[in-house]
Amino acid sequence: MAKMVPDVVICGFVITALLLIHFFSDILRLSLGGYYTHATLSQLVESHSNKEYSWLLKLMANCFGYSCVFVPGYLIYKYVVRTKYLEKSEKTCIYTAVSMCITGNPGTELDYSEPMERKPMDPLPPSPGPQKRTTSQDTLLLFWCFGGLMVSYLTWGVLQEKIMTQQYFNSEGQPTHFKDSQFLVFCNRLSAFICAMVTLRIKTPSNRHCTPLYKYSFASFSNIMSAWFQYEALKFVSFPTQVLAKACKIIPVMLMGKIISKNKYDWYEYVSAILISLGMIFFMTGSASGSNTSSVTTFTGIFLLTMYLTCDSFTANWQDELFKNYEMSSLQMMAGVNLFSTIFTTTSLWVQGGFMDSLAFASEHPKFVLDALTISLCSAVGQLFIFYTISKFGAVVFTIIMTLRQAFAILLSCLIYKHKISVLGIFGILVVFFAVFMRSYGKQRMKAIKKRAEAHKPKMGA
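These notes cover the structure that comes with them. Predicted model only: the values in this text are computed from it and were never measured.

## Topic: the overall build of the protein
Turning to step 1, where the next piece is worked out: Helix and strand content of the protein: 17 helices and two strands.
Turning to step 2, where the next piece is worked out: Taking all 462 residues of the protein together, 45% fall into the buried category.
Turning to step 3, where the next piece is worked out: The long-range fraction of contacts in the protein, counting pairs at least 24 apart against all pairs at least 6 apart in sequence, stands at 81%.
Turning to step 4, where the next piece is worked out: For the protein, the computed accessible surface area is about 25100 Å², with 68% contributed by carbon and sulfur atoms.

Here you go:
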């Protein structure tokens with residue numbers, strides 16, 4: 001019985017933290033006067049504050065929900081380190097879960113002297129190294145990734161706008177709108193996690209998973225926050241302003257790469273990044289010059305866009321760093337990130353009271369269920385291409401593809417809805433594609449120069 005005490009303590013941490021958080025959540029709902037209503041916590045915050053400050057209160061409410069994961073996780077980690085739980089406890093299901101989260105492998109002891117550093121794992125079975133791809137194979141693979149990302153996310157964007165703007169009718173013919181975007185994020189992440197796990201079961205990876213699960217939580221949290229900042233920014237800035245900020249995302253990605261991964265970039269990569277951003281600005285300005293925008297750009301909107309770019313850049317570079325430091329497949333990355341994203345969104349919806357409301361809305365509107373399933377499938381397929389592209393080409397190439405997607409989205413809108421593109425917009429398209437060509441040519445050129453330099457380098461002892 002004494003050997004079960006550590007497991008009971010760990011379960012106690014989780015239960016106590018959840019009860020305390022739920023208690024404070026009820027106090028917050030009571031203070032806002034919505035304890036006996038069906039309004040969610042975010043809706044109560046929206047109704048009790050003006051526009052300029054509602055985003056801050058909703059951000060605090062979301063983080064309050066995410067604390068359901070962070071607080072118990074931190075307490076369990078400190079308890080494991082202090083009591084040397086992984087050395088003394090019986091190998092129960094709780095022991096296996098804790099070991100997977102902290103060490104990445106069930107049954108592996110934790111290096112308590114340097115708890116945050118990666119502990120070397122047992123050597124993997126010998127396997128043939130990855131075959132070096134030719135230039136034509138690289139080109140075909142890049143086109144495959146480009147096409148998959150374009151189709152999946154262009155479709156996803158159309159469905160997202162449809163769900164958030166159209167009216168749904170219940171059985172009595174009463175129209176209503178669906179408003180809880182976080183529930184859509186939950187559906188997307190859950191479907192992506194299921195898709196990754198099913199694919200992993202069908203296609204067994206050649207490498208054993210040895211990444212501590214908590215490493216995925218950082219990319220998952222930043223991914224969720226970037227999506228939230230993006231949605232909130234639309235309340236303060238015009239749509240063209242937000243698209244222009246997305247177009248310049250390649251620059252913070254490279255800066256974040258230098259900070260996180262200590263990456264070094266050649267001069268042509270910096271020039272291509274600047275040209276792509278300038279070209280996208282020209283194109284977006286030319287395409288949206290005739291549109292009517294009702295939002296007003298404010299300091300709050302600029303701050304939200306800055307936080308969106310920061311979180312999104314951190315996500316891509318953190319995933320890139322995990323691919324470099326741990327032997328994992330893109331499917332393992334997808335499963336790990338979406339596992340925590342599902343947990344985060346579930347707890348946040350539970351704390352804010354929006355989970356059951358969204359399910360009730362779905363039960364009353366069957367058409368919404370079909371749309372939600374379709375957008376979730378597009379999100380899952382898109383994430384397969386995201387992680388595969390980052391693992392094969394890195395975060396910068398992925399960001400270039402997603403930046404070009406913005407141009408194709410507006411170009412598709414112009415073709416469907418007969419919008420006009422100005423001369424400045426056409427010039428922007430030419431600048432973007434010239435920058436992409438220059439980056440590809442420069443990369444191949446630098447590879448050839450390095451290969452010739454290594455060939456002429458004298459051997460040691462010669």
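## Quick word on the packing of helix 12 (residues 299-325) against helix 15 (residues 366-393)
A packed helix pair is summarised by two numbers, namely the angle formed by the two axes and the spacing between the axes.
Turning to step 1, where the next piece is worked out: Packing of helix 12 against helix 15 brings their axes to within 10 Å, and their N-to-C directions diverge by 60 degrees. In terms of their interaxial angle, helix 12 and helix 15 are classed as oblique. Here helix 12 and helix 15 pass one another in a crossing that is right-handed. Across the interface between the two elements, Ala316, Gln319, Asp320 and Phe323 from helix 12 touch Phe387, Ile390 and Ser391 from helix 15.

## With respect to helix 8 (residues 214-233)
Turning to step 1, where the next piece is worked out: Helix length check: helix 8, at 20 residues, gives a terminal C-alpha distance of 29 Å against a target of 28 Å (1.5 Å per residue), a fit within 8%.
Turning to step 2, where the next piece is worked out: Within helix 8, 15 of the 20 residues are buried, leaving the element largely enclosed by the surrounding structure.

## Digging into a nonpolar patch on the surface
Turning to step 1, where the next piece is worked out: Together, Leu20, Phe23, Phe24 and Ile27 line one region of the surface with nonpolar side chains, adding up to about 400 Å² of accessible area.
Turning to step 2, where the next piece is worked out: Along the chain, the position of Phe23 falls in helix 1 (residues 5-31).
Turning to step 3, where the next piece is worked out: Classification of Phe23 by relative accessible area gives partly exposed; the value is 48%.

## Some thoughts on the side chain of Gln319
Turning to step 1, where the next piece is worked out: Relative to the elements of secondary structure, Gln319 occurs in helix 12.
Turning to step 2, where the next piece is worked out: Assessed through its relative accessible area of 5%, Gln319 is described here as buried.
Turning to step 3, where the next piece is worked out: If near-sequence neighbours (up to four positions away) are discounted, Gln319 is found in contact with Ala219, Met333, Val337, Phe387 and Ile390.

## Here we look at the packing of helix 7 (residues 181-202) against helix 15
Turning to step 1, where the next piece is worked out: Put simply, helix 7 and helix 15 touch, their axes get as near as 8 Å, and they point 55 degrees apart. Taken as axis vectors, helix 7 and helix 15 run oblique relative to one another. Judged by the twist between their axes, the crossing of helix 7 over helix 15 is right-handed. Within the contact between the two elements, helix 7 uses Phe183, Leu184, Cys187, Asn188, Arg189, Ser191, Ala192 and Cys195 and helix 15 uses Phe368, Ile375, Ser376, Ser379, Ala380, Gln383 and Leu384.
Turning to step 2, where the next piece is worked out: Classifying every residue of the contact of helix 7 with helix 15 by side-chain character gives nine nonpolar, five polar and one charged.

## A closer look at the packing of aromatic side chains
Turning to step 1, where the next piece is worked out: Per the counting criterion, the structure on display carries 19 aromatic pairs.
Turning to step 2, where the next piece is worked out: Between Phe178 and Phe368, the aromatic rings sit 4.5 Å apart at their centres with planes inclined by 35 degrees, giving tilted as the arrangement. One end of the pair, Phe178, is in the loop between strand 2 (175-176) and helix 7; the other, Phe368, is in helix 15, and 190 residues separate them in sequence.
Turning to step 3, where the next piece is worked out: Centre to centre, the rings of Phe361 and Phe368 are 5.3 Å apart; their planes meet at 85 degrees, and the pair counts as edge-to-face. Grouping residues by exposure puts Phe361 and Phe368 together as buried.
Turning to step 4, where the next piece is worked out: Through a chain of ring-to-ring contacts, three or more aromatic side chains come together here, namely Tyr168, Phe178, Phe183, Phe186, Phe361 and Phe368.

## Observations regarding the nonpolar core
Turning to step 1, where the next piece is worked out: Counting residues in hydrophobic clusters, the biggest one holds 75 residues, and the most contacted among them are Leu149, Tyr216, Phe229, Met333 and Phe368.
Turning to step 2, where the next piece is worked out: Residues from two domains meet in this core; each of domain 1 (4-103) and domain 2 (136-455) gives at least three.
Turning to step 3, where the next piece is worked out: In terms of nonpolar packing, the next biggest core, distinct from the first, is built from 10 residues, Ile76, Tyr95, Val98 and Ile102 among them.

Conventions we followed
- In every chain, residue numbers begin from 1 and rise along the written sequence.
- With pLDDT at 70 or above as the cut-off, local features in this predicted model cover only qualifying residues; side-chain atom pairs require 80 or more to be listed or tallied, and sums for whole chains, interfaces and linings still use all residues.
- Excluding hydrogens and water, the side-chain values take into account all heavy atoms of the structure.
- Going along the chain from the N terminus, every DSSP run of H or I of four or more residues is numbered as a helix, and every run of E of two or more is numbered as a strand.
- The rule is simple: take the accessible area with a 1.4 Å probe, protein chains only, and divide by the maximum for that residue type; under 20% is buried, over 50% is exposed, in between is partly exposed.
- In this analysis, two residues are considered to be in contact whenever any of their non-hydrogen atoms come within 4.5 Å of each other.
- A 1.4 Å probe and the Shrake-Rupley method give the accessible areas. Residues count as covered only by the protein chains that appear here.
- Between N-to-C directions, angles cover 0 to 180 degrees, with each direction set by a line fitted to C-alpha atoms, over the stretch in contact for helices.
- For this classification, under 35 degrees means roughly parallel, over 145 means roughly antiparallel, 65 to 115 means roughly perpendicular, and everything else is oblique.
- Crossings are classed by handedness, with left-handed meaning an anticlockwise turn of the near helix from the far one by less than a right angle and right-handed meaning a clockwise turn.
- One less than the residue count of a helix, multiplied by 1.5 Å, gives the span that helix is expected to have.
- In this analysis, a patch consists of residues with relative accessible area above 30% that form no salt bridge, clustered at 9 Å for like charges and at 5 Å for the nonpolar side chains Val, Leu, Ile, Met, Phe, Trp and Tyr.
- For this analysis, a salt bridge means a side-chain nitrogen from Lys or Arg found within 4 Å of a carboxyl oxygen belonging to Asp or Glu.
- Gly counts as polar in this scheme, as do all residues outside two lists: the nonpolar Ala, Val, Leu, Ile, Met, Phe, Trp, Tyr, Cys and Pro, and the charged Asp, Glu, Lys and Arg.
- Two rings belonging to Phe, Tyr or Trp (six-membered ring only in the last case) form a pair when the distance between their centres is within 6.5 Å. Interplanar angles under 30 degrees mark stacking, angles over 60 mark edge-to-face geometry, and anything in between is tilted.
- Here, nonpolar core means buried Ala, Val, Leu, Ile, Met, Phe, Trp, Tyr and Cys residues that are tied together by side-chain atoms lying within 4.5 Å of each other.
- Annotation comment: domain bounds sourced from an automatic or database domain assignment.

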